[in-house]
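Residue-level structure breakdown
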Amino acid sequence: LAEAAGMYTLGYTCGGDHQQAAAEHPEWFEHYGAAWACLNADPFWEREFNAIREALQVYPTRGLFYDMVRFDGACRCPFCQAAYERFYGQPMPADVDRERFRHDTFSHWLDRAMAAPREIVPDIEVCVNQQWMRSDGIPLEMLDRCDWYYCEYGEYEWVGEILRAWADRPLVCG
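One structure accompanies this document, and this report is about it. All values reported here derive from a predicted model rather than from experimental measurement.

1. Some points on the sheet that holds strand β1 (residues 10-14)
Read across the open sheet, the three strands follow the order β1-β2-β3; overall the sheet is parallel. In this open sheet, the two strands that pair with only one neighbour each are β1 and β3 (125-128). Along the sheet, successive strands turn relative to each other by an average axial angle of 15°, direction set aside. Relative to β3, strand β2 (residues 63-67) is paired through four bridges, and the arrangement is parallel.

2. What to know about the pairing of β1
Here β1 shows one buried face, formed by G11 and T13, and one open face, formed by L10, Y12 and C14. In this structure, β1 lies alongside β2, joined through five bridges in parallel fashion. Directly across from C14, in β2, lies its bridge partner D67.

3. Quick word on the side chain of T9
Here T9 is to be found in the segment before β1. The exposure class assigned to T9 is buried, which follows from its relative accessible area of 16%. Aside from chain neighbours lying at most four places away, what touches T9 is A2, E3, P60, T61, R62 and G63.

4. A short note on the packing of helix α2 (residues 42-58) against helix α4 (residues 98-118)
Each pair of packed helices gets described by two things: the angle between the helix axes and the distance between those axes. Running from N to C, α2 and α4 point in directions that differ by 25°, and their axes come no closer than 9 Å. Regarding the angle of α2 to α4, the classification is roughly parallel. When you trace α2 past α4, the crossing you get is right-handed. Only H108, W109, R112, A113, A116 and P117 of α4 make contact with α2, whose side of the interface consists of D42, W45, E46, F49, I52, R53 and L56. For the contact of α2 with α4, the class distribution of residues is eight nonpolar, one polar and four charged.

5. A look at the packing of aromatic side chains
The tally for this structure, following the rule as stated, stands at 14 aromatic pairs. Relative to Y66, the ring of F49 has its centre 6.4 Å away and its plane inclined at 90°; by these criteria the two rings are edge-to-face. Here F49, found in helix α2, pairs with Y66, found in strand β2; they are 17 residues apart in sequence, far enough to count as distant. By relative accessible area, F49 is classed as buried at 1%. Among the residues examined, Y66 registers a relative accessible area of 1% and is labelled buried. With 5.6 Å between their ring centres and 75° between their planes, F71 and F101 make a pair best called edge-to-face. Note that F71 is positioned in the loop between β2 and α3 (78-88) and F101 in helix α4, a separation of 30 residues in sequence. Classification of F101 by relative accessible area gives buried; the value is 0%. A connected cluster of aromatic rings, assembled from ring pairs, spans W28, F29, F44, W45, F49, Y66 and W109.

The rules behind the values
- Residues numbered from 1 in each chain as written.
- Predicted model: local features only at pLDDT ≥ 70, side-chain atom pairs only at ≥ 80, totals over all residues.
- Heavy atoms only, no water.
- Pairing = 2+ DSSP bridges.
- Helix = DSSP H or I, 4+ residues; strand = E, 2+ residues; numbered from the N terminus.
- Axes fitted to C-alpha atoms, helices over the stretch in contact; angles between N-to-C directions.
- Buried < 20%, exposed > 50% of the residue type's maximum accessible area, 1.4 Å probe, protein only.
- Contact = heavy atoms within 4.5 Å.
- Parallel < 35°, antiparallel > 145°, perpendicular 65-115°, else oblique.
- Left-handed = near helix turned anticlockwise from the far one by under 90°.
- Nonpolar A, V, L, I, M, F, W, Y, C, P; charged D, E, K, R; others polar.
- Phe/Tyr/Trp six-rings, centres within 6.5 Å; stacked < 30°, edge-to-face > 60°.

Next comes the structure, spelled out in structure tokens:
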């Protein structure tokens with residue numbers, strides 16, 4: 001009905017914040033606690049991506065918003081250790097280049113996060129709550145991989161900067 005009325009429909013997923021999953025699989029939430037799942041915890045994210053695919057088969061939307069997605073590069077859980085070895089061909093050292101690991105983890109996660117909904121709705125517009133002002137938010141140089149931008153209401157002083165810098169894409173403030 002919304003689409004027929006000319007409305008833009010948007011799906012929402014609260015990425016890493018899943019209390020039941022945290023209770024059942026604390027290893028997915030080792031670094032951040034129950035608040036956020038590790039971006040390298042593939043079993044958690046595959047479960048999330050499957051839920052997104054299933055929801056989009058029933059309720060295809062024009063957009064999808066991933067919220068609560070963070071990674072600071074400091075996590076040393078078994079999933080991060082495996083990802084590090086996959087990315088760089090060696091075991092994770094004691095002194096990790098956190099920015100490089102954060103960047104590569106977000107890049108790998110974004111590939112999967114963008115592909116999953118597009119398997120069902122090929123032209124769906126996808127956005128991640130970038131939180132790019134934070135040291136654990138999506139790296140600034142990856143914002144162009146999103147179809148539209150999001151700015152937290154608490155970052156209102158940056159809206160003008162965002163509009164000037166990224167006038168080529170829609171901006172949503174929440």
